[in-house]
Amino acid sequence: MSETITVTTWHLEQTSPADLRPTPAPSGTPLQVVRSERTGPEFARFLYTAVGGPWTWTDRLPWTYRQWQDWLDQDGLETWVAWVAGSPAGYVQLEPLPDGEVEIIYFGLLPGFIGQGIGSHLLSLGAARAWDLADRHPGLPATRRVTVHTCSLDGPAALRTYEARGFRVFRTDDAEQPVTAAPGPWPGAGA
């Protein structure tokens, strides 16, 4: 019998652009946040594994190249990348859902950039871009709600960071999951 752990998932929302409490870029950091307008599967998978590897993001590891491409090709999906001195530091990915909802589907930093104020600023920009997503994609309805979720396997500051940016918890779920080692950015790197 395999060992399990109780994982708590918090679902958060903003229901108005006025909910957003932005954070400026940290001073003294050569930070740029740029929309990746031609995100290919290789770069998307790199960001996913480099950011999510320490936090046991595993659901998309088995995806094929075609699955990544199909997902990236959906209208309105956007990837915003934080760059520090020419190196990728983290990303926020926006996915439009039906009826004017936009989910911050992925957000986080590479381990070497955590704790420097970059994440709060990147999340602020990501949420702002979720609110004006339809301005860049005229086929989408105006955003009426921005959602995100985090769980007890994510970084210890994740929930606090979302709430500090104006997101409110609207649902909490607990589920038993098998205990698995965080994979790191590639299989075996987390060991």
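Draft legend 1. Quick peek at helix H3 (residues 118-131). Taking 1.5 Å of rise per residue, 14 residues should cover 20 Å, and H3 covers 20 Å from first to last C-alpha, within 8% of that figure. Within H3, eleven of the 14 residues are buried, which leaves the element mostly enclosed by the surrounding structure. Buried within H3 are the following residues: Ile-118, Gly-119, Ser-120, His-121, Leu-122, Leu-123, Ser-124, Gly-126, Ala-127, Ala-130 and Trp-131.

Draft legend 2. Quick look at the pairing of strand S6 (residues 145-151). Of all seven residues that make up S6, six are buried, and the element is covered over most of its length. With six bridges joining them, strand S1 (residues 4-14) and S6 adopt antiparallel strand pairing. In the strand pairing of S6, His-11 is matched with His-149. Inspection of the sheet shows strand S5 (residues 101-109) paired to S6 by three bridges, in the parallel sense.

Draft legend 3. The layout of surface pockets, seen in detail. Volume-wise, the largest pocket comes out at about 990 Å³. Lining the largest pocket are 39 residues, with Trp-55, Trp-57, Thr-150, Asp-154 and Gly-155 positioned closest to its centre. For the lining of the largest pocket, the element with the most residues is S5, which contributes six residues. Approximately 160 Å³ is the volume attributed to the second largest pocket. As for the second largest pocket, its lining consists of 15 residues, of which Ser-36, Glu-37, Thr-39, Leu-72 and Leu-77 are closest to the centre. Contributions of two or more residues to the lining of the second largest pocket are made by strand S2 (31-36), helix H2 (65-72) and strand S3 (78-84).

Draft legend 4. Spatial organisation of the nonpolar core. Among the nonpolar cores identified, the biggest contains 43 residues, and Tyr-91, Leu-94, Ile-104, Tyr-162 and Phe-167 are the most heavily contacted of them. The contact partners of Phe-167, leaving out residues within four places of it in the chain, are Leu-12, Glu-13, Gln-14, Ile-104, Leu-123, Ala-127, Val-146, Val-148 and Tyr-162.

Definitions and cut-offs
Residues numbered from 1 in each chain as written. Predicted model: local features only at pLDDT ≥ 70, side-chain atom pairs only at ≥ 80, totals over all residues. Heavy atoms only, no water. Helix = DSSP H or I, 4+ residues; strand = E, 2+ residues; numbered from the N terminus. Expected span 1.5 Å × (residues − 1). Buried < 20%, exposed > 50% of the residue type's maximum accessible area, 1.4 Å probe, protein only. Pairing = 2+ DSSP bridges. 1 Å grid on protein atoms, 1.4 Å probe; cavity = no way out; pocket = protein on both sides within 12 Å on 5 of 7 lines; lining within 4 Å. Points joined across faces, edges and corners; volume = space filled by probe spheres on them. Core = buried A, V, L, I, M, F, W, Y, C linked by side-chain atoms within 4.5 Å. Contact = heavy atoms within 4.5 Å.

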